[in-house]
Amino acid sequence: MDLIERVKGAVFGGAIGDALGTPVEEMDRETVIKTYGGEVKDFVRSAPGSVCPLLEEGKYSHETQIFLMALEVYAEEGFFNGAKYVEKLVEWVKDERTHRYPAGSHINASLVYAGGGTPEEARVKSVDADGAIPACASGIFWWDNGQDAYEDGSLIASVTHGDELLIDTAGVLAVAVSEVLGERVNFETKEGKLSFVEKLVEYSRTKFLKRTLKTLYDAVRKDISVEEAILKLGNGSFAPEAVSLGVFIALKYSDSFERAVLKSVNSYGDVGGDTDAIGFITGILVGGYRGVSSIPSRWLKKLEGYEHINAIVERLKLS
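Everything quoted here is computed from the prediction, not taken from an experiment. (Residues numbered from 1 in each chain as written. Predicted model: local features only at pLDDT ≥ 70, side-chain atom pairs only at ≥ 80, totals over all residues. Heavy atoms only, no water.)

Visitor: Whenever I open this one, helix α8 (residues 146-160) confuses me. Can you help?
Guide: The periodicity of an α-helix, 3.6 residues per turn, causes residues three or four positions apart to be oriented the same way. Here α8 contains 15 residues, and its C-alpha end-to-end distance of 22 Å stays within 8% of the 21 Å for a straight helix at 1.5 Å per residue. Taken together, the buried positions of α8 are G146, A149, Y150, D152, G153, S154, I156, A157, S158, V159 and T160. (Helix = DSSP H or I, 4+ residues; strand = E, 2+ residues; numbered from the N terminus. Expected span 1.5 Å × (residues − 1). Buried < 20%, exposed > 50% of the residue type's maximum accessible area, 1.4 Å probe, protein only.)

Below, the structure is given as structure tokens:
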């Protein structure tokens, strides 16, 4: 499988996971059943009580929007240009019609930049999962170099966030994407899956994230159920939780993009969870591992902005 097929699988996979998971974000199992009649199995229109009310079928949240901004910077500049990224964030935040979340750290940071604030003033002290997701753009661009993926991924997160744990989590997520796209992984065996998690532990720099990833390692080793993983790893918007659970599900169901993503977006459990972020993470990893041909055509056809996303990928200079 050539690189462009893997990259398209990753980019479309992440966006689809987000679009499938957004309608049920923060809803518990009982509310999902009452609202949608059961588990999410396809794109649905977000219900009035959801975090992104009345979002149409196949449309994703701000997490994919901002990830695509970072990816566009690489496509346009050939490197990560922080000033260019800030320009895109400011343009986005000034157009309120494009916002798909009632609040969010990216909006707060972007508003400070729009008002002429400095990076020190703009950076939000938050460890939310959506702060880590844009770093996946670094993992795509630096598909052949995990260290560069980590450094740029951390840099992307630091434009809007000032928390050390969040920045570390973003860097490790970028490494995960790089390892998959660079075909330096083997998800066909338990040993290969454990080796992948070990690599993430090696790159992590904060004690908390190392502990979390070691818990992930144990969950993969024991091959526990998704329900058990939700209790063991967490499924909330706290970045280490969402990243770890998204990686766990990607590894457990790496043989099927559809099954993996549906497991992710239905990982709300009994109290609700950050299902769009978890879906994005699982989608970008399994999509990158199995390639764009593994993604059901019905989802690709209905995904918002398919041609626009495809054009961004085609403009990337990936050597």
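Continuing now.
Visitor: Quick question: what am I supposed to make of the packing of helix α10 (residues 190-203) against helix α11 (residues 207-222) here?
Guide: When two helices pack together, their arrangement is given by the angle between the helix axes and the distance between those axes. The N-to-C vectors of α10 and α11 enclose an angle of 175°; their axes lie 9 Å apart at closest approach. Classified by the angle their axes make, α10 and α11 are roughly antiparallel. Of the residues in α11, those in contact with K190, K193, L194, V197, E198, L200, V201 and E202 of α10 are K210, L213, K214, L216, Y217, V220 and R221. Its residues assigned to classes, the contact of α10 with α11 shows eight nonpolar, no polar and seven charged. (Axes fitted to C-alpha atoms, helices over the stretch in contact; angles between N-to-C directions. Parallel < 35°, antiparallel > 145°, perpendicular 65-115°, else oblique. Contact = heavy atoms within 4.5 Å. Nonpolar A, V, L, I, M, F, W, Y, C, P; charged D, E, K, R; others polar.)

Visitor: What's the story with the side chain of D163 in this structure? I'm lost.
Guide: Turning to its location among the elements, D163 is positioned in the loop between α8 and α9 (164-181). The buried charged residue D163 lacks any salt bridge, with K125 as its nearest oppositely charged partner at 5.4 Å. A distance of 2.9 Å separates a polar atom in the side chain of D163 from the backbone nitrogen of L165. (Lys, Arg positive; Asp, Glu negative; His and termini not counted. Salt bridge = Lys/Arg side-chain N within 4 Å of Asp/Glu carboxyl O. Polar contact = N/O pair within 3.5 Å; in protein donor to acceptor, adjacent residues only side chain to side chain.)

Visitor: Is there a simple way to explain the packing of helix α1 (residues 3-21) against helix α14 (residues 257-265) in this structure?
Guide: For the pair α1 and α14, interaxial distance at closest approach is 9 Å and the crossing angle is 40°. In terms of orientation, α1 and α14 fall into the oblique class. Here α1 runs over α14; the crossing is right-handed. Residues G13, I16, G17, L20 and G21 of α1 form the contact with α14, whose participating residues are F257, V261, L262 and V265. By residue class, the composition of the contact of α1 with α14 is six nonpolar, three polar and no charged. (Left-handed = near helix turned anticlockwise from the far one by under 90°.)

Visitor: Looking at this structure, I do not really get the pattern of salt bridges. What am I missing?
Guide: Pairing of side chains with opposite charge becomes possible as their charged atoms draw close. Inspection of every chain in the model, using the stated rule, returns 19 salt bridges. A salt bridge links D42 to R298; the nearest nitrogen and oxygen atoms lie 3.6 Å apart. Remark: R298 occurs in helix α16 (residues 297-302) and D42 occurs in the loop between α2 (29-36) and α3 (62-77); sequence separation between them is 256 residues. For R298, a relative accessible area of 32% translates into the label partly exposed. Measuring nitrogen to oxygen at the nearest pair gives 4.0 Å for the salt bridge that ties K84 to E76. Here the salt bridges share partners, and the residues they tie into one network are E72, E76, K84, K88 and R315.

Visitor: I tried to follow the side chain of S264 on my own but got confused; where do I start?
Guide: Inspection of the secondary structure assignment puts S264 in helix α14. Exposure remark for S264: the relative accessible area of 0% places this residue in the buried category. Residues contacting S264, with those up to four places away along its chain left out, are I249, T275, I278, G279 and T282.

Visitor: What's the story with α1 in this structure? I'm lost.
Guide: Given a rise of 1.5 Å per residue, 19 residues ought to cover 27 Å, and the 27 Å separating the end C-alpha atoms of α1 matches this to within 8%. Counted residue by residue, α1 has 17 buried out of 19 residues, so it is predominantly covered.

Visitor: Is there a simple way to explain the state of the cysteines in this structure?
Guide: Chemically, a disulfide is nothing more than a covalent bond linking the sulfur atoms of two cysteines. What the rule picks out here adds up to zero disulfides. Free of any disulfide, C52 has its nearest cysteine sulfur in C136, 18 Å distant. Look at C52 and you get buried, because its relative accessible area is 3%. Among the residues examined, C136 registers a relative accessible area of 0% and is labelled buried. (Disulfide = S-S within 2.5 Å.)

Visitor: Is there a simple way to think about the packing of aromatic side chains in this case?
Guide: Each aromatic ring pair is specified by the distance between its two centres and by the angle formed by the two planes. Inspection of every chain in the model, using the stated rule, returns twelve aromatic pairs. An angle of 75° between the planes, with centres 5.2 Å apart, marks the rings of F67 and F280 as edge-to-face. Of this pair, F67 sits in helix α3 while F280 sits in helix α15 (residues 275-290), and the two are 213 residues apart along the sequence. A relative accessible area of 0% places F280 in the buried class. Taken together, the ring pairs in this structure connect Y74, F80, Y85, F141 and W142 into an aromatic cluster. (Phe/Tyr/Trp six-rings, centres within 6.5 Å; stacked < 30°, edge-to-face > 60°.)

Visitor: I keep staring at the nonpolar core and nothing clicks. Help me out?
Guide: Grouped burial of nonpolar side chains is what soluble globular proteins tend to show. In this structure, F67, Y85, I140 and F248 are the most contacted members of the largest nonpolar core, which totals 112 residues. At twelve residues, α9 tops the list of elements feeding residues into this core. (Core = buried A, V, L, I, M, F, W, Y, C linked by side-chain atoms within 4.5 Å.)

Visitor: I tried to follow unusual backbone geometry on my own but got confused; where do I start?
Guide: Note: most residues except glycine have negative phi, and most peptide bonds are trans. In this structure, L54 takes a positive phi of about 65° despite not being glycine. On the secondary structure map, L54 appears in the loop between α2 and α3. You can call L54 partly exposed: its relative accessible area is 46%. Look at E183: it is not a glycine, yet its phi comes out positive at around 55°. If you trace the backbone, E183 turns up in the loop between α9 and α10.

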